[in-house]
Amino acid sequence: MPDELCHPYSKFSDWKFKLFRVRSMEKAPLPSEPPSEKEAQMRVDVQGDARGLPGSVMKLCLGGKSKENVEGAGRRVDLKLQEIDTHMNHLRSLCRLCGMILRKAKGPEHEVQGNLDDSSKCALRRMGCKASSWSEVILKVFKVDVSGDMETIHPSMFCHRCWTVAMRGGGFCSFTRTRVPVWKPHTSHCLLCFPKRLILQRRGRKRSKPLRSAHCLPKRTKRDSSTPTGGNRVWRQTTDNPEAFGLRAWVKPAAQKTLWVKNITRCQKDHLSYRLLPGDLPKDFVNGVTCQVCEHLLSDPVQSPCLHLFCRTCIQKYSQSLGPQCPSCGILFNPCDLTSPAKAFLSVLNSLPLVCPREGCGEWVRLDSFGDHCLNHCLETNDDEGQGNSEQNLDGYLPVNKGGRPRQHLLSLTRRAQKHRLRELKNQVKAFADKEEGGDVKAVCLTLFLLALRAGNEHRQADELEAMMQGRGLGLHPAVCLAIRVNTFLSCSQYHKMYRTVKATSGRQIFQPLHTLRTAEKELLPGFHQFEWQPALKNVSTSWDVGIIDGLSGWTVSVDDIPADTISRRFRYDVALVSALKDLEEDIMEGLRERGLDDSTCTSGFTVVIKESCDGMGDVSEKHGGGPAVPEKAVRFSFTVMSITVQAEGEEEAVTIFQEQKPNSELSCRPLCLMFVDESDHEMLTAILGPVVAERRAMKESRLILSIGGLLRSFRFYFRGTGYDEKMVREMEGLEASGSTYVCTLCDSTRAEASQNMVLHSITRSHEENLERYEIWRTNPFSESADELRDRVKGVSAKPFMETQATLDALHCDIGNATEFYKIFQDEIGEMYLKNNPTREERRRWRSALDKQLRKMVKLKPVMRMNGNYARRLMTREAVEVVCELVPSEERRKALRELMELYIQMKPVWRSTCPARDCPDQLCRYSFNSQRFAELLSTTFKYRYDGKITNYLHKTLAHVPEIVERDGSIGAWASEGNESGNKLFRRFRKMNARQSKTFELEDILKHHWLYTSKYLQKFMEAHKNSPKALQATINPEECSDDLDMADIPDF
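Residues numbered from 1 in each chain as written. Predicted model: local features only at pLDDT ≥ 70, side-chain atom pairs only at ≥ 80, totals over all residues. Heavy atoms only, no water.

A.B. asks: Help me understand the overall build of the protein chain, please; the structure alone is not making it clear to me.
C.D. replies: The secondary structure content of the protein chain amounts to 46 helices and 15 strands. With 1051 residues in all, the protein chain has 45% of them scored as buried. Counted over contacts in the protein chain with a minimum sequence separation of 6, partners at least 24 positions apart contribute 68%. Carbon and sulfur atoms make up 51% of the accessible area of the protein chain, which totals about 56800 Å². (Helix = DSSP H or I, 4+ residues; strand = E, 2+ residues; numbered from the N terminus. Buried < 20%, exposed > 50% of the residue type's maximum accessible area, 1.4 Å probe, protein only. Contact = heavy atoms within 4.5 Å. Areas by Shrake-Rupley, 256 points an atom, 1.4 Å probe, with all protein chains shown as cover.)

The following block contains the structure:
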């Protein structure tokens, strides 16, 4: 049995269909024979009580014909159209809001899309509702948006009971629980056409009364009247039982199909009939200029891939109802594949001659000017009756008129025709504006429009227009609201409270509700954009719609089955990189335009350099929340897109199209992973960051294919792990702690060697060498003692699990050197060079004197632990002069000043983003200054640096020139952005305080990502005057007079 004849009662239907078809095969007519009159009367209408049967499909069998005979040549019936027609007839009998049958609700019916009648409008106006259509009332009362309803899916009427509910609520709310059903498109298992359960069938209905003449018929006649199967068994139609009571005459399949299609398209009043063409045109030519759906003359024609022509609106409604297939040949196609026909065909179509249907005219008019011709007939007629008759005859041939004839007619014209039609009015308005308003034509036109809206009682639109004219705007963009919420650290409840307050105060919706913000943030978070890797990443899923995942995904692989006592949440590395690149899409395209590069020269792909940062955040304990016991310390892993370059054809060097201008800002440091872990816990850190390392290693060997600027482009990534402090580098590279004999993470020198030779060292360590040394440490192939083995591996005591770049962190270098200078100041105040072993009390007294002096003279409050802000203020000439007031010896004061002066000259070299551009003189003198600095330490301050030196001081003197020569900069690759992001962690945690630490961590990660979005930062930059504009919007009277509204951006 064909698929379209199947229904839920499959076994019983198969048996009944076969038995019924065998009994009726003898009297089935041939396909070429027309149906007889008796047989035509036996066609049962597929409406009303036919809901329990499988609808129109089983009715094909009731006439004793097979499906093949019915769908013969010239009589093919589209079963899908018939089912849609039956489904729409069922919808017309139901209420849109409650789903009840309309005739059961006593009272008139109302159109869902119609305007309010006078009585309802007056009643609602008394209760304060200013709605003008039922769709607005339904949206407020029943919380259902009916503006996008379709006739093939939703009923077009609602019952009187729902009208009563709306009126009782005053057009604002509902005092009864009306459950609005979910209307779905028609399917083969539609509950309206084929109820699955008996309770869904019409229960409780009265039995239909028998026909008046049925008692006089014999039993056989009564039985045959219910199931007519032969041509001789006919129910006679009499005056007592007219044809419209239960039966209808036979209609040709082609005509029936046309009726079904017209019920779907409903374009009879909008499109012109082909009968207006001259009668002597060939039939094939007429078929070529008519729509294959509605059989009217083509209006806004489109062409399918199979070269058939349709009206644009007709094929759209047809595809929405019956699926995207060609009505002529049945070939499936995508609605996006519809194209405009050739210009030669359009010129022929517009030049078709049409006969004017007006009596007494009979003029031949071109198709493109037929609407203007009909409109001229209406304007020339002054008699009301004649005008009414002419309008009645010409309604089907005028342009679509939804907003008033004059206004719609002007909008339907071209710009040139509009200027020609309104030239006199434009000259009058310009003359008035020059005379009265100083030539401000725009203000005059807007005022006229405002007065027209007020006269039509359209006060809501008038208020919005008046607000726009006064510069207050209509409402903020959802992205602006999201940026305001994230940058001001507002929780959901705080933002919702502000939204309600502003709306109640100003009377307009300036801020957007929370659900629109959630929709806007989906496009900015990772997991929204599609991408592909070529070749596919090893051991990484190919799915792209991945959001926040559990950071412990690699726990069982890395460590034995030990329960994890921590919580971690992260993005997948490749998905986060894709979201970051899409966020920079405008900057990339702008860079290509500035460099004059087109798509044909960028075939080699783009190169993206990523800076990685990781650091512990110390104590992050909070009093709120519950859940499992987790460490009170947290670690944050992040990355920054430093630069994007492209190798253009014919160019030797790569062209930089994007360069991060603020690489050390928290706005450019994007979070990737958050975890409650102590950074000293090597095993836990290895287990959590292990999957991140695996994803990074896989991305190095593949290319990303991503759509940028509407074209698929390839990207390769280079990762540089430079944003780590000394402690984190030693953890990741498996080195001993900071107090180890091996002082440096860049070279193999010991602390004694570094103090004897402070300048002449080179970078020797690497990640691969550390791995080899760890294998030697683990296996001890030479059977050496512990000291000998330790000396051979140069301080490697654990397995390195993440590759870091051999460099110097500028921020922690400042902090470490400032700590050392702070101790030098104490020793010089107490004349440590004259004493061997000072007591603890003396050292405490020196420190107290230094803190008092700095607080009194420089306003520098003492801190428990050195930080970046304290270090920047301490390492200045002003601070050293204040300290020199406490140093007794003039010689020591001179040495201190020289030491600080040398440090101030060397500092810009490792702090600058580009030292060759920003401080070329200091870069050239760095080697000389470092040598002089080392001489002072080894001579004047020998008491402190005899056989020992600090880690950062050693790197500052020995390795800075080599790193700058290799990388071009040290300051650009620092961890300062990640350190600033650590401060944001605590603010976002207070903003998203929840009982569950797991969900709290997800909210922090999500909002921190949004905080670093370039897209939202551009909105905040464009609306930096939003507070002033907001104050002017809420309360214009309180706004100061000197506030220039022209300077406030329009929202």
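A.B. asks: Is there a simple way to explain the confidence of the model for the protein chain in this structure?
C.D. replies: Low-confidence regions, as indicated by low pLDDT, have predicted coordinates that should not be scrutinised in detail. Mean pLDDT for the protein chain: 77, with 77% of residues reaching 70 or above. Between the elements of the protein chain, mean pLDDT differs from a low of 37, seen in helix α3 (residues 56-59), to a high of 94, seen in helix α26 (residues 573-583). Predicted confidence for residues 1027-1051 stays below pLDDT 50, and this span has 36 contacts to residues more than four positions away or in other chains. (pLDDT = per-residue confidence, 0-100.)

A.B. asks: Is there a simple way to explain helix α42 (residues 960-967) in this structure?
C.D. replies: Residue pairs three or four apart in sequence face the same way in an α-helix, which turns once every 3.6 residues. Of the positions making up α42, those classed as buried are Val960, Ile963 and Val964. Buried residues along α42 cover an arc of 100° about the axis, so they all sit on one side. In this fold, the buried residues of α42 make contact with α37 (890-911), α38 (915-918), α39 (920-924), α40 (926-939) and α41 (951-958). Positive phi shows up at Gly968, right after α42, with a value of about 85°. (Arc of directions from axis to C-beta.)

A.B. asks: Mind showing me how you'd approach the pattern of salt bridges here?
C.D. replies: Oppositely charged side chains may form a pair once their charged atoms are brought near each other. This model, assessed by the stated rule, comprises 45 salt bridges. Residues Arg792 and Glu784 are paired through a salt bridge, measuring 2.7 Å at the closest nitrogen-oxygen approach. On the basis of relative accessibility, which here comes to 18%, the residue Glu784 falls in the buried class. Between Arg892 and Glu828 there is a salt bridge whose closest N-O contact spans 2.8 Å. Of this pair, Arg892 sits in helix α37 while Glu828 sits in helix α33 (residues 810-829), and the two are 64 residues apart along the sequence. Exposure remark for Glu828: the relative accessible area of 0% places this residue in the buried category. (Salt bridge = Lys/Arg side-chain N within 4 Å of Asp/Glu carboxyl O.)

A.B. asks: Can you help me understand the pairing of strand β15 (residues 711-723) in this one?
C.D. replies: Residues in a regular strand project their side chains so that they alternate between the two faces of the sheet. The sheet contact formed by strand β10 (residues 606-619) and β15 spans 8 bridges and is parallel. In the sheet register, Lys611 faces β15, and the bridge partner there is Arg720. Pairing of strand β14 (residues 703-708) with β15 involves 5 bridges; the strand directions are antiparallel. The partner of Leu706 across the bridge, within β15, is Arg713. Counted along the chain from β14 to the antiparallel partner β15, the turn is 2 residues long, and its residue Gly709 has a positive phi close to 70°. (Pairing = 2+ DSSP bridges.)

A.B. asks: Please explain unusual backbone geometry as it appears in this structure.
C.D. replies: Comment: phi is negative for the bulk of residues other than glycine, and the bulk of peptide bonds are trans. Looking along the chain, the bond that leaves Gln534 and enters Pro535 is cis, with omega of -10°. Assignment of secondary structure puts Pro535 in the loop between β7 (532-534) and β8 (548-550). Notably, Lys794 is not glycine yet its phi reads approximately 55°, a positive angle. In this structure, Lys794 sits in the loop between α32 (786-793) and α33. According to the relative accessible area criterion, Lys794 is partly exposed, its value standing at 22%.

A.B. asks: What is the right way to read the pairing of strand β9 (residues 568-571) from this model?
C.D. replies: Side chains of β9 alternate between two faces, with Ser568 and Arg570 and Arg569 and Phe571 buried alike. In terms of strand pairing, β8 meets β9 through 3 bridges, oriented antiparallel. Bridge assignment links Ile549 to a residue of β9, and that residue is Arg570.

A.B. asks: Honestly, helix α8 (residues 160-168) in this entry has me stumped. Any pointers?
C.D. replies: Three or more residues of α8 are buried, namely Cys162, Trp163, Val165, Ala166 and Met167. At its buried positions, α8 is contacted by β1 (110-111), α6 (118-126), α7 (134-141) and β2 (157-158). One or two steps after α8, the chain reaches Gly170, where phi turns positive at roughly 70°.

A.B. asks: Looking at this structure, how should I read the packing of aromatic side chains?
C.D. replies: We describe a pair of aromatic rings using the distance from one ring centre to the other and the angle between the two ring planes. Counted under the stated rule, the structure contains 18 aromatic pairs. Taken together, a centroid distance of 6.2 Å and an interplanar angle of 20° make the contact between Phe717 and Phe719 stacked. The residues Phe717 and Phe719 share a single accessibility class, namely buried. Ring geometry for Phe821 and Phe933: centres 6.3 Å apart, planes at 45°, overall tilted. Pair noted here: Phe821 is in helix α33 and Phe933 is in helix α40, with a separation of 112 residues, a long-range link. Of the residues examined, Phe933 reaches a relative accessible area of 1% and is grouped as buried. (Phe/Tyr/Trp six-rings, centres within 6.5 Å; stacked < 30°, edge-to-face > 60°.)

A.B. asks: I'm lost on the environment of Thr290 in this one. Help?
C.D. replies: Inspection of the secondary structure assignment puts Thr290 in the loop between α12 (283-288) and β3 (301-303). A sequence separation of 20 residues divides Thr290 from Phe310, and the C-alpha atoms of the two residues are 7.5 Å apart. Every residue in contact with Thr290, bar those within four places of it in the chain, is listed here: Tyr274, Glu295, His296, Leu297, Leu298 and Leu309. Among the polar contacts listed, one links the side chain of Thr290 to the backbone oxygen of Asn287, at a separation of 3.2 Å. (Polar contact = N/O pair within 3.5 Å; in protein donor to acceptor, adjacent residues only side chain to side chain.)

A.B. asks: How should a positive patch on the surface be read in this particular structure?
C.D. replies: Together, Arg415, Lys419, Lys426 and Lys430 give the surface a local cluster of positive charge. Secondary-structure elements contributing two or more residues to the positive patch are α18 (415-421) and α19 (423-436). Here Lys430 is to be found in helix α19. (Patch = residues over 30% accessible without salt bridge, like charges linked within 9 Å, V, L, I, M, F, W, Y side chains within 5 Å. Lys, Arg positive; Asp, Glu negative; His and termini not counted. Charge placed at Lys NZ, Arg CZ, Asp CG, Glu CD.)

A.B. asks: Just checking my understanding: could you explain the packing of α19 against helix α20 (residues 441-455) for this structure?
C.D. replies: Angle between the axes and distance between the axes: these two values describe a pair of packed helices. Where α19 meets α20, the closest approach of the two axes is 9 Å, and the angle between their N-to-C directions is 115°. Comparing the axis directions of α19 and α20 gives the class roughly perpendicular. The two elements α19 and α20 cross, and the hand of that crossing is right-handed. Residues Val429, Lys430, Phe432 and Ala433 of α19 form the contact with α20, whose participating residues are Val441, Val444 and Cys445. Per-class residue counts for the contact of α19 with α20 are 6 nonpolar, no polar and 1 charged. (Axes fitted to C-alpha atoms, helices over the stretch in contact; angles between N-to-C directions. Parallel < 35°, antiparallel > 145°, perpendicular 65-115°, else oblique. Left-handed = near helix turned anticlockwise from the far one by under 90°. Nonpolar A, V, L, I, M, F, W, Y, C, P; charged D, E, K, R; others polar.)

A.B. asks: Would you explain the nonpolar core in this entry?
C.D. replies: Grouped together as the largest cluster of nonpolar side chains are 96 residues, with contacts concentrated most on Tyr573, Phe637, Phe639, Leu689 and Phe717. The element that contributes the greatest number of residues to this core is helix α28 (residues 682-700), accounting for 8 residues. With residues up to four places along the chain from it excluded, the contact list for Phe717 reads Trp533, Leu577, Leu581, Val608, Ile610 and Leu704. Membership of the second largest hydrophobic core comes to 59 residues, among which are Cys747, Ile829, Leu854 and Ile970. (Core = buried A, V, L, I, M, F, W, Y, C linked by side-chain atoms within 4.5 Å.)

A.B. asks: What is the right way to read the side chain of Glu976 from this model?
C.D. replies: Looking at the element boundaries, Glu976 is found in helix α43 (residues 976-991). Note on Glu976: relative accessible area 18%, which makes it buried.

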